[in-house]
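Chain and residue survey
The lines below spell out each chain.
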Amino acid sequence: MNPKHSILLIEDEENIRSFISTTIKNQGYKITTASTGLDGLHLCASLCPDLILLDLGLPDMDGMDVISKLREWSPTPVIVISARNHEQEKAKALDLGADDYITKPFSTIELLARIRTSLRHAGNLTGAQTPAPYHHKDLTIDYDKHLVTLSKEMVHLTQIEYKLLTLLSQNSGKVLTYSYIMEKIWGPYVDNNNQILRVNMANIRRKIEKNPATPEHVFTEIGIGYRMAECE
Ligand code: CA
């Protein structure tokens, strides 16, 4: 598995949205769009994108507020795309936690270069502490390559499934509570019922357990959460 990087674009102007979407898709990124700040925050919580492109002038809230709300719980890199070209605005966005700032109009080449840089930077930040691969019985997770294998066969996981499995395996042997996992993966903007987590866990088990009813890798601690078998 080598999931494509996913990008969330929050932009209310339709022509800019479709121009950026097409540009990004052509480069092999996966793109999701939102036209309001609130939709953007909800999508960020449910999809866990690798990068966010954010317009500052949104109909329902200021992009600056989107950045500060996001930063309460999400480290996802944010590139601001804005027509506002004042140094103060740029400084404010960066101070609030944006990673970069592009002024409209911008070239496709510039946009793609900024995206690559932000993604690389985000990768390096975690890369500095990339843990050794996880091994347990026939299951291996190589965090560096984003690769999950079962008896040397590649396991195809969605982005969310991979993030869940990474969280559990990097805390292997420990029980992680439902609410801890929900907060880590989806942030505080998701409904607090655990349905979305249970569905994802069931899918993961179908993919990595020989018999999902008697799991060998990920155990349910009933009423509490999940625990992944300790790394061997
Ligand atoms: Ca706008």
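Quick caveat: nothing in here was measured; it's all calculated off a predicted structure.

**Focus: the coordination of the calcium ion**
Within the protein, the atoms that donate to the calcium ion are Asp12 (OD), Asp55 (OD) and Gly57 (O), at distances of 2.2 to 2.4 Å. Read in sequence order, the donor residues for the calcium ion give the motif D-x42-D-x1-G. For Asp55, a relative accessible area of 4% translates into the label buried.

**With respect to the domain arrangement of the protein**
Under the domain assignment used here, the protein contains domain 1 (6-125) and domain 2 (134-228). Using only C-alpha atoms to locate each centre, domain 1 and domain 2 end up separated by 28 Å. Contacts between the two partners involve 11 residues from domain 1, matched on the other side by nine residues from domain 2. Summed over both partners, the interface of domain 1 with domain 2 buries about 880 Å², with 57% contributed by carbon and sulfur atoms. Among the residues domain 1 hides against domain 2, the three largest losses belong to Ala45, Cys48 and Trp73. Together they make up 52% of the total. Between domain 1 and domain 2 we count zero salt bridges in total. At the junction of domain 1 and domain 2, the tally comes to one residue pair in polar contact (both at pLDDT 80 or more). A total of four residues in the side of domain 1 that touches domain 2 trace back to one element, the largest contributor, which is helix α2 (residues 37-47). Partitioned by chemical class, the residues of the side of domain 1 that touches domain 2 number five nonpolar, three polar and three charged.

**A closer look at helix α1 (residues 14-26)**
The end-to-end C-alpha distance of α1 is 18 Å, a good match for the 18 Å that 13 residues give at a rise of 1.5 Å each. Taken together, the buried positions of α1 are occupied by Ile16, Arg17, Ile20, Ser21, Thr23 and Ile24. Projected onto a plane normal to the axis of α1, the buried residues spread over an arc of 165° and lie on a single side. Exposed and oriented more than 90 degrees from the buried face of α1 are Glu14, Asn15, Lys25 and Asn26. In the stretch just after α1, Gly28 is the one whose phi turns positive, near 90°.

About the thresholds
Residues numbered from 1 in each chain as written. Predicted model: local features only at pLDDT ≥ 70, side-chain atom pairs only at ≥ 80, totals over all residues. Heavy atoms only, no water. Donors = N, O, S within 2.8 Å, 3.2 Å for Na, K, Ca; no water. Buried < 20%, exposed > 50% of the residue type's maximum accessible area, 1.4 Å probe, protein only. Domains from an automatic or database assignment. Contact = heavy atoms within 4.5 Å. Buried area = accessible area lost by both parts, 1.4 Å probe. Salt bridge = Lys/Arg side-chain N within 4 Å of Asp/Glu carboxyl O. Polar contact = N/O pair within 3.5 Å; in protein donor to acceptor, adjacent residues only side chain to side chain. Helix = DSSP H or I, 4+ residues; strand = E, 2+ residues; numbered from the N terminus. Nonpolar A, V, L, I, M, F, W, Y, C, P; charged D, E, K, R; others polar. Expected span 1.5 Å × (residues − 1). Arc of directions from axis to C-beta.

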